[in-house]
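# An overview of the molecular structure
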Amino acid sequence: PAVVLCVMAEVYVMKVRIKFSKEGPVKFVGHLDTMRYFQKAIRRAELPVAFSGGYSPHMIMSFAQPLGVGVTSDGEYFDIEITKPISSENAVAQLNAVMVEGIEVISFREISSDKKASGMTIVAAADYKVTFPETFRHAEEIRVLPESWKGKVEAFMAQPEIVVLKKTKRSEKEVNIKPMIYEMSALDDGLYLYLATGSEQNLKPDLVAEAFLKFAGEDPEETPVHIHRIDVYAKNPDAKEGKTEFISLDGLGKDIL
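What this report covers is the structure whose coordinates are included nearby. These figures come from a predicted structure and were not determined experimentally.

On to unusual backbone geometry. Positioned with a positive phi, Glu46 is a non-glycine residue whose angle comes to about 60°. As for its placement among the helices and strands, Glu46 is situated in the loop between helix H1 (31–44) and strand S2 (61–63).

As structure tokens, this is what we get:
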């Protein structure tokens, strides 16, 4: 009998990381709806995205660190896989052509195919700008902070411990959050926070803002707060041994030419 040889063609797959910003009213769109929106937008942009196998194929996509409702951001990330090469420049242009107002794609970069390199896995820090609007109605009308707050921030961080009540779905417990605050400083119009973020340690900026307001003698319930995420970071794999350095998630990728 004749022998039939089946030659399987090698499937092209490249893993890419997409960075986007989120501003304006879309800050009230939750994580799951944002994910569904990008699934539809990627189809409309006609990107060669990969799907899982099986009876119910779905787009292979993972977000690095979900953004809280009401928080704006300049640095949000998710990873996808593509089945055909496309330049970063063209991919960004095609995506932005179908974006809604308030969402802008910033970069589209090739990353390692190693599962341990996924954005969801490697997130270790994030930085934020916290501002204090004049009213609860408009986040744009920002309060100029008292000069005394710079000294209060220094005194706040000089405490041996910063203990807060951390609530989860199942319990409440007191936690010393000071080791998770990598940096905190007072700006003319807000606070800068650099915090532990991710699966190992995760500190929410609103928890720090609430603790500071209480320390500064202000009522958190009566003080409007707006949080803006600047970027998300991973530990730099090229850092010197024994030294912890951070690098933005898109800094770990490279543009596709």
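Next comes the rest of the write-up.
Secondary-structure assignment places Val69 in the loop between S2 and strand S3 (72–82). Residue class for Val69 comes out exposed when judged on its relative accessible area of 55%. Along the chain, Val69 and Ile86 lie 17 residues apart, while their C-alpha atoms are 32 Å from each other. Every residue in contact with Val69, bar those within four places of it in the chain, is listed here: Lys27, Phe28 and Gly30.

It is worth spelling out empty space enclosed by the protein at this point. Gaps left between atoms show up when a probe the size of a water molecule is rolled over them. A full pass over the atoms with the stated rule returns one cavity of 30 Å³ or more. If you add up the space inside the largest cavity, you get close to 70 Å³. At the level of elements, strand S1 (14–22) and H1 are the ones that each hand at least two residues to the lining of the largest cavity. When grouped by side-chain class, the residues that make up the lining of the largest cavity number four nonpolar, three polar and two charged.

With that out of the way, let us pick up the packing of aromatic side chains. Here the structure, examined in full by the defined rule, presents 14 aromatic pairs. The interplanar angle of 85° and the centroid separation of 6.4 Å between the aromatic rings of Phe20 and Phe63 together place this pair among those described as edge-to-face. In this pair, Phe20 sits in strand S1 while Phe63 sits in strand S2, placing the two residues 43 residues apart along the sequence. We classify Phe63 as buried; its relative accessible area is 9%. Pairing Phe156 with Phe215 gives two aromatic rings, centres 5.5 Å apart and planes at 65°, and the pair type is edge-to-face. Here Phe156 is found in helix H4 (residues 148–158), whereas its partner Phe215 is found in helix H5 (residues 205–215), with 59 residues between them in sequence. Grouped by ring-pair contacts, the aromatic residues Phe20, Tyr37, Phe38, Phe63 and Phe78 constitute a single cluster.

On to the side chain of Thr197, then. Within the secondary structure layout, Thr197 lies in the loop between strand S9 (190–196) and H5. For Thr197, a relative accessible area of 3% gives the class buried.

Within the largest apolar cluster, 39 residues are counted, with the highest numbers of intra-cluster contacts made by Phe156, Ile177, Ile181, Met184 and Val208. Among the secondary structure elements, those contributing two or more residues to this core are strand S5 (123–131), H4, strand S8 (181–187), S9, H5 and strand S10 (226–235). Counting residues per element, this core draws most heavily on H5, which supplies six residues. Not counting residues within four places of it along the chain, the set of residues in contact with Phe156 comprises Ile162, Ile181, Met184, Val208, Ala211, Phe212 and Phe215.

Computed from the structure, the largest pocket encloses a volume of approximately 890 Å³. Lining the largest pocket are 36 residues, with Val69, Gly70, Val71, His226 and Ile227 sitting closest to its centre. Contributing elements (two or more residues each) for the lining of the largest pocket: S5, H5 and S10. At four residues, S10 tops the list of elements feeding residues into the lining of the largest pocket. Considered class by class, the residues forming the lining of the largest pocket number 15 nonpolar, twelve polar and nine charged. The computed volume of the second largest pocket comes to approximately 560 Å³. Along the walls of the second largest pocket sit 19 residues, with Val164, Leu165, Lys166, Lys167 and Leu207 positioned nearest its centre. Going through the elements one at a time, strand S6 (163–167), strand S7 (172–176) and H5 are the ones with two or more residues in the lining of the second largest pocket. The class makeup of the residues in the lining of the second largest pocket is eight nonpolar, three polar and eight charged.

Reading the values: rules and limits
Residues numbered from 1 in each chain as written. Predicted model: local features only at pLDDT ≥ 70, side-chain atom pairs only at ≥ 80, totals over all residues. Heavy atoms only, no water. Helix = DSSP H or I, 4+ residues; strand = E, 2+ residues; numbered from the N terminus. Buried < 20%, exposed > 50% of the residue type's maximum accessible area, 1.4 Å probe, protein only. Contact = heavy atoms within 4.5 Å. 1 Å grid on protein atoms, 1.4 Å probe; cavity = no way out; pocket = protein on both sides within 12 Å on 5 of 7 lines; lining within 4 Å. Points joined across faces, edges and corners; volume = space filled by probe spheres on them. Nonpolar A, V, L, I, M, F, W, Y, C, P; charged D, E, K, R; others polar. Phe/Tyr/Trp six-rings, centres within 6.5 Å; stacked < 30°, edge-to-face > 60°. Core = buried A, V, L, I, M, F, W, Y, C linked by side-chain atoms within 4.5 Å.

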